[in-house]
Amino acid sequence: MQAINHIATALILKKKFPSAPLLGLIIATEATELLWVGLNLVGLERTILAQDFSSVSDVHLVHMPFSHSIVMPILLALFVGAVIRWYGGRTAALVAVAMALAVVSHILLDLVVHAPDIPLAPLLDDPKFGTGLYAGLPLLSLALETAWGLYCWYVFRGSWKLFGLIVLLNAGAIPFYSATLNTGEAALGGQPTAFVLMVLAQIVISSLLVWLLARNTTAPSQTAP
């Protein structure tokens, strides 16, 4: 799923848990992906890109048992929530819940669009889960992702600038989801490290822009734009 749509989940959580820090929620929604980036760069997880790369269907996440298994993000979410609750006391209980939900949201959303490449837990390679939309219907997956991002914006009652950002970043991803449109992504063929770094850049830029455009929004009381 595009970084912007994972990050948009932080908007809903900020709406429901206004005491939770927006930037913390944003980072938590992408904690799983940031872990994936690090583990790929050090060689503990593995991604393969086809030499004739043309769309997201040519990205093969062949080994990611620690970052994207179903069990590990849930354990990470529980750990994050417990740490916040422990150090923040009773007043931080809602923040702990919000942050835990933000962490686990990532794998839940990925299950909706990924090829069957998400294992249940480390050391359990089979079965693997995912609807297969990336492999079979990538443009449909992008449409669903965009709809989720815009729904989060709607619930949050964000600004029109934030709306435009979500639309723009998803529209800009169309060539990456279409095998017939090519705007240079073929250069990524056989270059998994370049792809991983591109994902990292996307996370950082999207996170910063969403935080800048949403941080001054008083989500609980603002009227719809």
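The structure displayed is predicted, hence computed values, not measured ones.

A. Just the overall build of the protein, in detail. Within the protein, the regular secondary structure consists of 10 helices and four strands. Secondary structure elements of the protein occur, N-terminal to C-terminal, as α-α-α-β-β-α-α-β-β-α-α-α-α-α. Taking 225 residues into account, the globule formula puts the C-alpha radius of gyration at 17 Å, and the protein, at 17 Å, falls close to it. Taking the principal axes of the C-alpha coordinates as reference, the protein spans close to 50 × 40 × 25 Å. Looking at the protein residue by residue over its 225 residues, the buried ones come to 47%. Long-range pairs, those at least 24 residues apart, make up 67% of the contacts in the protein between residues at least 6 apart in sequence. Carbon together with sulfur atoms contributes 71% to the accessible area of the protein, which is approximately 10,700 Å² in total. With 10 positive and 11 negative side-chain charges, the protein shows a separation of 23 Å between the mean positions of the two kinds.

B. Molecular detail of the nonpolar core. One finds Leu-11, Leu-25, Trp-36, Leu-162, Phe-195 and Val-210 to be the most contacted residues of the largest nonpolar core, which totals 56 residues. Among the elements that line this core, the one with the most residues is helix α5 (residues 93–113), at 10 residues. Setting aside chain neighbours within four positions, we find Leu-11 in contact with Leu-22, Cys-152, Trp-153, Phe-156, Leu-162, Val-210 and Ala-214.

C. Just the packing of aromatic side chains, in detail. For the structure shown, the criterion picks out nine aromatic pairs. Geometrically, the ring pair formed by Phe-176 and Tyr-177 is edge-to-face, given 5.9 Å between the ring centres and 80° between the ring planes. For the pair Phe-176 and Tyr-177, a shared accessibility class is recorded, and that class is buried. Aromatic pair Phe-176 and Phe-195: ring centres 6.1 Å apart, planes at 20°, arrangement stacked. With a gap of 19 residues between them, Phe-176 in helix α9 (residues 174–177) and Phe-195 in helix α10 (residues 192–214) connect regions that are remote in the sequence. Of the two residues, Phe-176 and Phe-195, neither departs from the other in class, the shared state being buried. Taken together, the ring pairs connect Trp-36, Phe-53, Tyr-134, Phe-176, Tyr-177 and Phe-195 into an aromatic cluster.

D. How the structure looks around the packing of helix α1 (residues 3–16) against helix α8 (residues 160–172). Two elements in contact, α1 and α8, have axes separated by 10 Å at closest approach and are oriented at 155°. Classified by the angle their axes make, α1 and α8 are roughly antiparallel. Crossing geometry of α1 relative to α8 is assigned as left-handed. From α1, Ile-4, Asn-5 and Leu-11 reach across to α8, where they touch Leu-162, Leu-165, Ile-166, Leu-169 and Asn-170.

E. Molecular detail of the pairing of strand β4 (residues 124–129). Here strand β3 (residues 118–121) pairs with β4 via three bridges, running antiparallel. Among the inter-strand pairings, Ile-118 is bridged to a residue of β4, identified as Phe-129.

F. Up close: the layout of surface pockets. Size it by volume and the largest pocket reaches roughly 730 Å³. Residue lining of the largest pocket: 39 residues in total, with Gln-2, Phe-176, Phe-195, Val-199 and Gln-202 positioned closest to the centre. Within the residue set of the lining of the largest pocket, elements represented by two or more residues are α1, α3 (31–41), β2 (59–63), α5, α6 (133–136), α8, α9 and α10. Ranked by the residues each element gives to the lining of the largest pocket, the list is headed by α10, at eight residues. Among the residues forming the lining of the largest pocket, the class breakdown is 24 nonpolar, 10 polar and five charged.

G. Geometry of the pairing of strand β1 (residues 46–49). On β1, burial follows the alternation: Thr-47 and Leu-49 on one face are buried, whereas Arg-46 and Ile-48 on the facing-out side are not. Bridge count between β1 and β2: three bridges; the pairing is antiparallel. Bridged to Leu-49 within β2 is Val-59.

Rules and cut-offs
Residues numbered from 1 in each chain as written. Predicted model: local features only at pLDDT ≥ 70, side-chain atom pairs only at ≥ 80, totals over all residues. Heavy atoms only, no water. Helix = DSSP H or I, 4+ residues; strand = E, 2+ residues; numbered from the N terminus. Rg over C-alpha atoms; globule rule 2.2 N^0.38 Å. Buried < 20%, exposed > 50% of the residue type's maximum accessible area, 1.4 Å probe, protein only. Contact = heavy atoms within 4.5 Å. Areas by Shrake-Rupley, 256 points an atom, 1.4 Å probe, with all protein chains shown as cover. Lys, Arg positive; Asp, Glu negative; His and termini not counted. Charge placed at Lys NZ, Arg CZ, Asp CG, Glu CD. Core = buried A, V, L, I, M, F, W, Y, C linked by side-chain atoms within 4.5 Å. Phe/Tyr/Trp six-rings, centres within 6.5 Å; stacked < 30°, edge-to-face > 60°. Axes fitted to C-alpha atoms, helices over the stretch in contact; angles between N-to-C directions. Parallel < 35°, antiparallel > 145°, perpendicular 65-115°, else oblique. Left-handed = near helix turned anticlockwise from the far one by under 90°. Pairing = 2+ DSSP bridges. 1 Å grid on protein atoms, 1.4 Å probe; cavity = no way out; pocket = protein on both sides within 12 Å on 5 of 7 lines; lining within 4 Å. Points joined across faces, edges and corners; volume = space filled by probe spheres on them. Nonpolar A, V, L, I, M, F, W, Y, C, P; charged D, E, K, R; others polar.

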